[in-house]
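Here is how the chains run, residue by residue.
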Amino acid sequence: MTVLQIIYVTFTKIYNEQVKLHRRTREAVLETIRICKDQNILREYLSSREKEVVDIMMTLFNEEYILKTYNVALELLPYTMAIHQRTDKRIL
């Protein structure tokens with residue numbers, strides 16, 4: 001494993017721990033950045049681009065939430081359609 005891979009894996013482990021504690025929130029992202037900087041993991045990069053990192057990670061959270069919600073809606077669609085069809089027949 002290269003040094004860059006080790007750094008990435010470490011960042012990801014810290015991030016996953018914070019998500020377990022704070023869910024997929026801004027607080028989880030900020031704590032991840034704080035811990036990494038304290039442990040000298042990507043310190044310079046995170047210090048100079050903290051806002052950008054937060055924005056990107058929050059966007060990823062939002063996209064992941066939208067995809068999960070969409071997938072759940074697709075899974076429920078046949079049941080919803082069946083309920084509407086039964087309701088429509090009763091009305092007629």
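Residues numbered from 1 in each chain as written. Predicted model: local features only at pLDDT ≥ 70, side-chain atom pairs only at ≥ 80, totals over all residues. Heavy atoms only, no water.

This part covers a nonpolar patch on the surface. A cluster of nonpolar side chains, contributed by Met 1, Ile 6, Tyr 8 and Val 9, occupies part of the molecular surface with about 450 Å² of accessible area. Mapped onto the fold, Val 9 is located in helix H1 (residues 3-22). (Patch = residues over 30% accessible without salt bridge, like charges linked within 9 Å, V, L, I, M, F, W, Y side chains within 5 Å. Areas by Shrake-Rupley, 256 points an atom, 1.4 Å probe, with all protein chains shown as cover. Salt bridge = Lys/Arg side-chain N within 4 Å of Asp/Glu carboxyl O. Helix = DSSP H or I, 4+ residues; strand = E, 2+ residues; numbered from the N terminus.)

It is at 9 Å that the axes of H1 and helix H2 (residues 26-38) come closest, and there the two elements cross at 140 degrees. The orientation of H1 with respect to H2, classified from their angle, is oblique. For the element pair H1 and H2, the recorded crossing hand is right-handed. Along the contact surface, H1 presents Phe 11, Ile 14, Tyr 15, Gln 18, Val 19 and His 22, while H2 presents Glu 27, Ala 28, Glu 31, Thr 32, Ile 35 and Cys 36. Looking at the contact of H1 with H2 residue by residue, the classes come out as seven nonpolar, three polar and two charged. (Axes fitted to C-alpha atoms, helices over the stretch in contact; angles between N-to-C directions. Parallel < 35°, antiparallel > 145°, perpendicular 65-115°, else oblique. Left-handed = near helix turned anticlockwise from the far one by under 90°. Contact = heavy atoms within 4.5 Å. Nonpolar A, V, L, I, M, F, W, Y, C, P; charged D, E, K, R; others polar.)

Now for the environment of Leu 42. With respect to the helices, strands and loops of the structure, Leu 42 is situated in the loop between H2 and helix H3 (43-48). Sequence separation between Leu 42 and Tyr 8 is 34 residues, and the spatial gap between their C-alpha atoms is 9.1 Å. Ignoring anything within four residues of it in the chain, the contact list for Leu 42 reads Ile 7 and Phe 11.

Mapped onto the elements of the fold, Gln 18 is located in helix H1. The residues contacting Gln 18, other than those within four sequence positions of it, are Arg 23, Ala 28, Glu 31, Thr 32 and Ile 35.

This part takes up the nonpolar core. Burial of nonpolar side chains together is a common tendency in soluble globular proteins. Counting residues in hydrophobic clusters, the biggest one holds 16 residues, and the most contacted among them are Val 29, Ile 33, Cys 36, Leu 46 and Met 57. Looking at this core, the elements that each hand over two or more residues are H1, H2 and helix H4 (50-91). Excluding anything up to four places from it in sequence, Val 29 contacts Val 54, Met 57, Met 58 and Phe 61. (Core = buried A, V, L, I, M, F, W, Y, C linked by side-chain atoms within 4.5 Å. Buried < 20%, exposed > 50% of the residue type's maximum accessible area, 1.4 Å probe, protein only.)

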